[in-house]
Amino acid sequence: MATSCSLVCCEEEQESDKAVIVRFSNGSIKNAEKLDFTTYKNSDESNPRKKSRRIVVAESDRLSYVGNNFGPGSLKCNNLCKYYVGVLDKQTMQMQVHNAQLFNMQPFIPGEETETAKLQDTTQTYRDKVDSLIEAFGTNKQKRALSSRRLNQVGSDTLHQAVAKAANTVIDQKGLEALQQEVAETESQADLALHLPPCNTDADKPENVYLFDDLLSPVEFGALEQACSKMAALTPEELQKMKDDGGCLSVVKHLEYMSSAGAAREKTVRCAFYLSLLLQLARQKSITRKFGQEEGCPRIIQSKLFKTFTVETFNNGRVQNILSASMRAKLAAYCLALLLHMGHMTADLTLLHRDLGITEARMIEVAKSMGLTLLKPARGKADVAELRDEHRHASLVLPLVKYDQFMERRKRKKMH
C-alpha cells in the first residue's frame, strides 16, 4: 500500500532563500556528489536590478561549469513562470515547498572566452553591423545605397571641416569676445520678441497696436469691478504713505491724477489694481496658490497670472511656479503696454523699472523691442536747493520705430 504525505508551505521567502535547480547543457551528470557547487551574488544590494543577480559555479577535477540568471546566457523562462521544489522529510512524511530558480550550466574553458571576445568588436554600432550585413548578403540595390550614403558622409565631413576653418578665420579677425557679445545681443532681442504682447503693426491708431483686450479681456476686466473697490477708496494720505514706502510708484501716480467720476475713473482704478498685481508678482521668486488672496484677487485673474507669467518646476517632488528671467521680460512688456493705455500712449520708464526691480538699460531694451519712441528728459535749469529727478518716458507713435541693435551700441571713450 502506498504511503501518503502532506504538503507544508514555507513562510515568505526572500530572494536569497530560493532553491537552485541546475541543468547542464552538454548532458546529464551521473555522479553529482563529485561536483562542488558555489553560489555568488552581486555585492550592490542597493541597486534593484543588480541585487537579484546570481552566478552558480560547479567545479570538478576535469571541468568547471558556470551558470547565471542574467545576461545573454541566462534562461528566459525564469521571467515567464515560477519554479518550485519540494523537500520530503521521510520521518514526518511532510514535504516543504520552496521557490526555485533554474540555471543553465555551461562548460567553462579557460582562454576560450577571451579569444571570442577579441573577435567581436564591441565598439560597433547598430548601423555598422547592418552595413556589414549589407556588404556580405545585401542586394545590388542595397549595396548601391550604402555606397552613396558613405560618399555623402565623406562630403559632409569635408563640409564640416571647411565650416570649422571659416569659423576660426572669423574668430581670428573679430575676436571671440566681440562675437560672443553679438550673439548675446541677438539672442536677447529674439527672446524679447517672443515675450511681447500681440502687436498689430498695420494699425491705423496707436491704441490699436497693442490692443487693450489682449492685455485684459472683457470678462477679466469685468471681474475686477469688486476687487478694485478698496483701491478706489484710498485717501490722499494713504497714497502719500504708499509713495513714501517706495512701492508701486506707477500705480500711485495714476491714482493721484485720475478722474473724479465716470467711466474713465473706473477704467483707471481697475487697470491700477491689475498693474499692482503684476508689480507684486515681479518681486516674487516662488509663487504659491495664495498669491493675491489678501488683495481680493479674482480667481480668473489669478489663473491668468499663473498661466501667462510663470513656469512650472519640480522641487522635492512638488510642483512650484517660479518667475524665470524670460518671464520677467514678458512681465515688463505687458506692464509697459498697460501703462500706455492708462497714460494716453505715454509711460514713465523710470518709475516702472524701479517698481519691477530691473535696470534702466533692461527697461529701455524692452521699450525698443516694442517699437516705442524714447523721449529724452527736459534739460531745464534747476535750483541748487532742488535737484530734479529726471525721468525717461516712452511714447507709442506711428509708424513704430525700428532700432538697429548694433548701431545703438555705445562706444567706449578712450582714456588719455
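Placed above this text is the structure.
Residues numbered from 1 in each chain as written. Predicted model: local features only at pLDDT ≥ 70, side-chain atom pairs only at ≥ 80, totals over all residues. Heavy atoms only, no water.

Draft legend 1. Structural context of the overall build of the chain. In terms of regular secondary structure, the chain is built from 15 helices and 13 strands. With 416 residues in all, the chain has 28% of them scored as buried. A fraction of 60% describes how many contacts in the chain between residues 6 or more apart in sequence connect residues 24 or more apart. When the accessible surface of the chain is split by element, carbon and sulfur atoms take 52% of a total near 29,100 Å². (Helix = DSSP H or I, 4+ residues; strand = E, 2+ residues; numbered from the N terminus. Buried < 20%, exposed > 50% of the residue type's maximum accessible area, 1.4 Å probe, protein only. Contact = heavy atoms within 4.5 Å. Areas by Shrake-Rupley, 256 points an atom, 1.4 Å probe, with all protein chains shown as cover.)

Draft legend 2. Looking closely at helix H7 (residues 218–227). Among all positions in H7, only Glu220, Leu224 and Ala227 are buried. Viewed end-on, H7 has its buried residues packed into an arc of 50°, placing them on one side of the element. Opposite the buried face of H7, at more than 90 degrees from it, the exposed residues are Pro218, Val219, Glu225 and Gln226. (Arc of directions from axis to C-beta.)

Draft legend 3. Main features of the side chain of Thr310. Turning to its location among the elements, Thr310 is positioned in the loop between helix H12 (299–309) and strand S9 (311–315). Within the structure, Thr310 has its side chain in polar contact with the backbone oxygen of Phe306 (distance 2.4 Å). Ignoring sequence-local partners within four residues, the contact set of Thr310 consists of Ile287, Leu305, Asn321, Ile322 and Met327. (Polar contact = N/O pair within 3.5 Å; in protein donor to acceptor, adjacent residues only side chain to side chain.)

Draft legend 4. Main features of the environment of Thr373. Residue position: Thr373 is located in strand S12 (residues 373–375). By relative accessible area, Thr373 is classed as partly exposed at 23%. For the pair Thr373 and Ser395, spaced 22 residues apart in sequence, the C-alpha to C-alpha distance is 5.1 Å. In this structure, Thr373 is in contact with His393, Ala394, Ser395, Val397, Val401 and Tyr403, ignoring residues within four places of it in sequence.

Draft legend 5. Fine view of the pattern of salt bridges. According to the stated counting rule, one finds nine salt bridges in the structure shown. A salt bridge links Asp131 to Arg127; its shortest N-O distance comes to 3.9 Å. In this pair, Asp131 and Arg127 both sit in helix H3 (residues 126–137), four residues apart, roughly one turn of the helix. By relative accessible area, which is 5% here, Asp131 ends up buried. Residue classification places Arg127 among the partly exposed residues on the basis of a relative accessible area of 46%. As a salt-bridge pair, Arg149 and Asp131 come within 2.6 Å of each other at their nearest N and O atoms. Of this pair, Arg149 sits in helix H4 (residues 140–174) while Asp131 sits in helix H3, and the two are 18 residues apart along the sequence. (Salt bridge = Lys/Arg side-chain N within 4 Å of Asp/Glu carboxyl O.)

Draft legend 6. Summary view of the sheet that holds S12. With antiparallel pairing, the three strands of this open sheet are ordered in space as S11-S13-S12. Across the chains shown, the open sheet's two edge strands, defined by having one partner strand only, are strand S11 (346–348) and S12. Along the sheet, successive strands turn relative to each other by an average axial angle of 25°, direction set aside. Bridging between S12 and strand S13 (residues 393–395) involves three bridges; their strand directions are antiparallel. Bridging across to S13, Leu374 finds its partner in Ala394. Running at roughly 125° to S11, helix H13 (residues 325–342) makes contact with S11 and S13 of the sheet. Against the sheet, helix H14 (residues 349–356) makes contact with S11, S12 and S13, and its axis sits at roughly 50° relative to S11, the strand it touches most. (Pairing = 2+ DSSP bridges. Axes fitted to C-alpha atoms, helices over the stretch in contact; angles between N-to-C directions.)

Draft legend 7. Representation of the packing of aromatic side chains in the model. Tallied over the entire structure, the rule returns three aromatic pairs. Both rings, one in Phe24 and one in Tyr65, keep their centres 4.9 Å apart while their planes meet at 85°; by these two values the pair is edge-to-face. With Phe24 in strand S2 (residues 19–24) and Tyr65 in strand S5 (residues 64–68), the pair connects residues that are 41 residues apart, well separated along the chain. Here Phe24 matches Tyr65 in class, with each residue buried. Sitting over the face of the ring of Phe212, Lys267 holds its NZ or CZ atom 4.6 Å from the ring centroid. One cation-aromatic arrangement involves Arg270 over Phe221; the distance from NZ or CZ to the ring centre is 4.7 Å. (Phe/Tyr/Trp six-rings, centres within 6.5 Å; stacked < 30°, edge-to-face > 60°. Lys NZ or Arg CZ within 6 Å of the ring centre and 35° of its normal.)

Draft legend 8. Main features of the sheet that holds strand S8 (residues 286–287). The strand order S8-S10-S9 describes an open sheet built from three strands, whose pairing is antiparallel. Whereas interior strands pair on both sides, the edge strands pair on one side only; in this sheet they are S8 and S9. Summarising the sheet, S9 and strand S10 (residues 318–322) pair through five bridges and their orientation is antiparallel. If you follow Val311 over to S10, its bridge partner there is Ile322.

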